[in-house]
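Residues per chain are reported as follows:
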Amino acid sequence: MDRVSSFDEPLKKLLGGATAKVMAEHLDLHTVGDLLHHYPRRYEERGKLTALADLPLDEHVTVLAQVADARILMFNNGRGKRLEVTLTDGSGRLQLVFFGHGVHKPHKELLPGRQAMFAGKVSVFNRKMQLAHPTYQLLDASDADEATEAVDAFAGRLLPIYPACKQLDSWRIAKAVDAVLPSARDAVDPLPVSLREGRGFTSLPEALLKAHRPQTKADVEDARARLKWDEAFVLQVALARRRYADTQLPAVARRPVADGLLDAFDAKLPFTLTEGQEKVSKEIFDDLATEHPMHRLLQGEVGSGKTMVALRAMLTAVDAGGQAAMLAPTEVLAQQHHRSITEMMGELAEGGMLGGSDRGTKVVLLTGSMGMAARRQALLDLVTGEAGIVIGTHALIEDKVQFHDLGLVVVDEQHRFGVEQRDALRSKGKQPPHLLVMTATPIPRTVAMTVFGDLETSVLDQLPAGRSPIASHVVPAKDKPHFLSRAWERVREEVENGHQAYVVCPRIGDDAEEAEGKGGKKAKAKKQAADEDPEKRPPLAVLEIADELRKGALAGLGVEVLHGRMHPDEKDDVMRRFAAGDVDVLVATTVIEVGVNVPNATAMVIMDADRFGVSQLHQLRGRVGRGSAPGLCLLVSEAHEASPARARLSAVAATLDGFELSRIDLEQRREGDVLGQAQSGVRSSLRMLTVIDDEEVIVAAREEAVAIVAADPELEHLPELRTVLAALLDKEREEYLDKG
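Conventions and cut-offs
- Residues numbered from 1 in each chain as written.
- Predicted model: local features only at pLDDT ≥ 70, side-chain atom pairs only at ≥ 80, totals over all residues.
- Heavy atoms only, no water.
- Helix = DSSP H or I, 4+ residues; strand = E, 2+ residues; numbered from the N terminus.
- Buried < 20%, exposed > 50% of the residue type's maximum accessible area, 1.4 Å probe, protein only.
- pLDDT = per-residue confidence, 0-100.
- Contact = heavy atoms within 4.5 Å.
- Pairing = 2+ DSSP bridges.
- Salt bridge = Lys/Arg side-chain N within 4 Å of Asp/Glu carboxyl O.
- Axes fitted to C-alpha atoms, helices over the stretch in contact; angles between N-to-C directions.
- Core = buried A, V, L, I, M, F, W, Y, C linked by side-chain atoms within 4.5 Å.
- Phe/Tyr/Trp six-rings, centres within 6.5 Å; stacked < 30°, edge-to-face > 60°.

Participant: Honestly, the environment of K480 in this entry has me stumped. Any pointers?
Facilitator: Take K480: it is sitting in the loop between β16 (470-476) and α18 (481-496). For K480, a relative accessible area of 36% translates into the label partly exposed. The sequence separation of K480 and E638 amounts to 158 residues, and the corresponding C-alpha distance is 9.5 Å.

The structure is reproduced here in structure tokens:
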């Protein structure tokens, strides 16, 4: 078998159809190479028992422990049987529970003193941690010879604990790995020999063997050091090649013009730019003045003035004879940007119109729901060059849209856009336009280097003067219902003081299945399950909560709803009335997450806050405290006090620093693949590297990658690196990196 093909071998050839099917469907493992790169999450030492005291709630775990006690209990007047087993490990105790027909086998096998590995999901019942119906593997045997063999097999050995799933336990994955481990010797080594030897790394086949079957802790360290480096290095080579290719592309330099639009705009600004805005603007202007396309990521806290920086860049492009397009993820946001940019520019946004400035330009809006006449006019203004600035949704990307001379593309909230869309807009320039990507989600430096490694990064971390602090509190609705009543009183107080409030819910409501008369049984079963376990109930919905508030806690106030299924005109109407102060409380989904700017809104209540991610909560909270009055954000949750969900909410309440929160967010999602998070649907490549902990590795790998690509852009002298790169960059990932 040749060196590459054994890694490409489908798992079903070696493991049998059923196991291979589970691996493909639940763990996304399809080939021998995939399984060899499915590394153990941690290792247990034989005889060293896992700390049961530290088990995480709601997670699938594997523990090594001893049976302390096992007994059968009857319930339901003797009709039901339950086996309760207590495990111990010296640090704590854990309850196992088996029901019905599932009690017979464990009752015979799990006798006091027996040691086994157990796998299952940790839950809480009667304030005790438990695993319901766990799978288990006994670590000793009744036969004396077998017992000796079993002890020998595990004694002094590190037991690999693999990322597993309900359908496939860690030890079954370990057996499958044993079957494919001989193929490790066929691994193609991507590291240039000089680099490998210079850094003292073990060979790749040896690293794979040490990762899966270490004899000592030093083996694990060797393997990790090598495999982390590979992941960081191959990815950074891909990004370095992308950046190198970009420097070879032609672009029209767009330099500021004296006494042009930008100077006129700056002259009428009622405030001075922050130091950060000045610094970032200079970085952007320097990029625009070069003859290859700018690729820059502008990240800044909510409200740090990114739009102002982007607008000044767009005015520069117009001054230099080009056009600028701003792409927004939703119609609400596109309209909001159009409104705020035309307001900021005043008569400068009315070029060619009566009362407009002779130095001005036309600023047009282009969205999918516009009327035909307005759309036709906007398209005409773009093709003739009459409009210097266009703001729109993905409607801008359609084939019909032609530009006179597209010089700059600004993409707002990068993570909302598919790469293909960004690329389609870029292809509308005579030469590739300059690209500025903005995000209000703060990204730790190493993530920016990895996810956005093909973009240069600018950071705005100063808030403009006049922004108010936001107080945040967790409201435990289940444990302390009176806290929720107080939350609604606070909203009423804010409104009575002349302010406005948002109430955010995870869902819209009126789902087909919930409609009256439909799915009666299902609805009943769901309700019953929800009463028993709040985690199982559907998330709270905008339409239901708005209805309850109008009739109850906020009766008499102007309560309106906003969600994605409303007609765009309706949405715009509600937003306009809210911005004008005609609506007291806006009950909405996350459509308000980005860009909505109503300085008079001072309070926000987020229902089922534990159903949102850390970054999303931070984004939502950024909608209040935008004026001179202090903001208030209440995070309502029914999550259990000891749960990871509540810990996440407490972290959000404890700090307003988006970079700190993005770090917490990343630590909690560390199993996810970084590229995969940035571009969903892309196969995971980071198995060993954690971008949060491995900053040194990433920085060093980036330096090596840049040097290698500068010396040999096509990697002609490094065929193994080329082979591994081709395998990593499957079609989707190639597109992601190519079009980034």
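Picking up where we left off.
Participant: Explain the confidence of the model for the protein chain here, please?
Facilitator: Atom-level detail of predicted coordinates should not be read off regions where pLDDT is low. Mean pLDDT over the protein chain: 80, with 81% of residues reaching 70 or higher. Low pLDDT, under 50, characterises residues 525-535; the predicted model gives this stretch 7 contacts beyond four residues in sequence or across chains. Contacts from residues 734-740, a stretch scored under 50 in pLDDT, to residues over four places away or in other chains number 26 contacts.

Participant: Quick question: what am I supposed to make of the pairing of strand β9 (residues 295-300) here?
Facilitator: The side chains of a regular strand alternate, first on one face of the sheet and then on the other. A large share of β9 lies buried, amounting to 6 of its 6 residues. The alternating pattern of β9 places H295, L297 and Q299 and R296, L298 and G300 on opposite faces, both of which are buried. As paired strands, β9 and strand β14 (residues 434-439) are joined by 5 bridges and run parallel to one another. From the neighbouring strand, R296 faces β14, where its bridge partner is L436.

Participant: What is the right way to look at the pattern of salt bridges in this model?
Facilitator: Two side chains that carry opposite charge are able to pair once their charged atoms sit near each other. All chains considered together, the criterion is met by 32 salt bridges. Of the charged contacts in the structure, one is a salt bridge between E283 and K279, with a shortest N-O distance of 3.8 Å. Note that E283 and K279 are positioned in helix α12 (residues 275-288) at a spacing of 4 residues, about one turn of the helix. Residue classification places E283 among the partly exposed positions, given a relative accessible area of 24%. The network of salt bridges with common partners includes R486, E489, R490, E493 and E494.

Participant: What's the story with the sheet that holds strand β17 (residues 500-504) in this structure? I'm lost.
Facilitator: Remark on secondary structure: sheet strands pair via backbone hydrogen bonds, oriented parallel or antiparallel. Spatially, the 6 strands line up as an open sheet ordered β16-β21-β20-β17-β19-β18, and their pairing is parallel. The outermost strands of the open sheet, each flanked by one partner alone, are β16 and β18 (559-562). For this sheet, the mean angle separating the axes of adjacent strands, direction not counted, is 20 degrees. With 4 bridges joining them, β17 and strand β19 (residues 585-588) adopt parallel strand pairing. Within β19, the residue paired with Y502 across the bridge is L586. Sheet strands in contact with helix α21 (residues 568-579) are β17, β18, β19 and β20 (601-606), and its direction is about 135 degrees off that of β18. Running over the sheet, helix α23 (residues 644-654) touches β16 and β21 (631-637) and is turned about 160 degrees from β16.

Participant: Looking at this structure, how should I read unusual backbone geometry?
Facilitator: What you tend to see is this: most non-glycine residues have negative phi, and most peptide bonds are trans. Positive phi values are uncommon outside glycine, yet H133 reaches one of about 45 degrees. Relative to the elements of secondary structure, H133 occurs in the loop between β6 (128-132) and β7 (135-138). With a relative accessible area of 41%, H133 lands in the partly exposed category. Residue D259 is not a glycine yet carries a positive backbone phi of 60 degrees. Structurally, D259 is set in the loop between α10 (217-247) and α11 (261-267).

Participant: I'm lost on the nonpolar core in this one. Help?
Facilitator: The nonpolar side chains of a soluble globular protein tend to be buried with one another. Among the nonpolar cores identified, the biggest contains 56 residues, and V585, V587, I592 and I606 are the most heavily contacted of them. Those residues in contact with V587 that lie beyond four places of it in its chain are V503, C505, V542, I545, A546, L549, V559, E560, V561 and L562.

Participant: Even after reading the chapter, I still don't get the sheet that holds strand β10 (residues 323-327), so can you show me in this structure?
Facilitator: One open sheet accounts for 7 strands, arranged β11-β12-β10-β13-β14-β9-β15; its pairing is parallel. The open sheet is flanked by β11 (362-366) and β15 (456-460), the only strands paired with a single partner. When strand polarity is set aside, the average angle formed by the axes of neighbouring strands in this sheet is 20 degrees. Sheet topology note: the β10/strand β12 (residues 387-392) ladder contains 4 bridges and is parallel. Looking across to β12, one finds that A325 is bridged to V390. Here helix α14 (residues 331-345) sits on the sheet and contacts β10, β11, β12 and β13 (406-412); the angle it forms with β11, its principal contact strand, is near 170 degrees.

Participant: What should I look at first to understand the packing of aromatic side chains in this one?
Facilitator: To describe a pair of aromatic rings, one takes the distance between the centres and the angle between the planes. Within the structure shown, the criterion is met by 5 aromatic pairs. Considering the side-chain rings of F201 and W229, the 5.6 Å spacing of their centres and the 40 degrees angle between planes classify their relative orientation as tilted. Taken together, the residues span a long stretch of sequence, with F201 in the loop between α8 (193-198) and α9 (204-212) and W229 in helix α10 at a distance of 28 residues. Like F201, the residue W229 is buried in the burial classification.

Participant: Would you explain the side chain of Q130 in this entry?
Facilitator: Summarising the element assignment, Q130 is placed in strand β6. The buried category is assigned to Q130, whose relative accessible area is 13%. Those residues in contact with Q130 that lie beyond four places of it in its chain are L94, Q95, V97, K121, V122, S123 and F125.

Participant: Any chance you could explain the environment of C165 here in plain terms?
Facilitator: Tracing the backbone shows C165 in the loop between β8 (158-161) and α7 (170-180). Along the chain, C165 and V61 lie 104 residues apart, while their C-alpha atoms are 9.5 Å from each other.

Participant: Where do I start with the pairing of strand β3 (residues 80-88) in this structure?
Facilitator: Of the strand pairs in this sheet, β3 and strand β4 (residues 93-99) are connected by 7 bridges, and their pairing is antiparallel. Of the residues in β4, the one forming a bridge with T86 is Q95. Hairpin connection of β3 to β4: 4 residues between the antiparallel strands, including G90 at a positive phi of 90 degrees.

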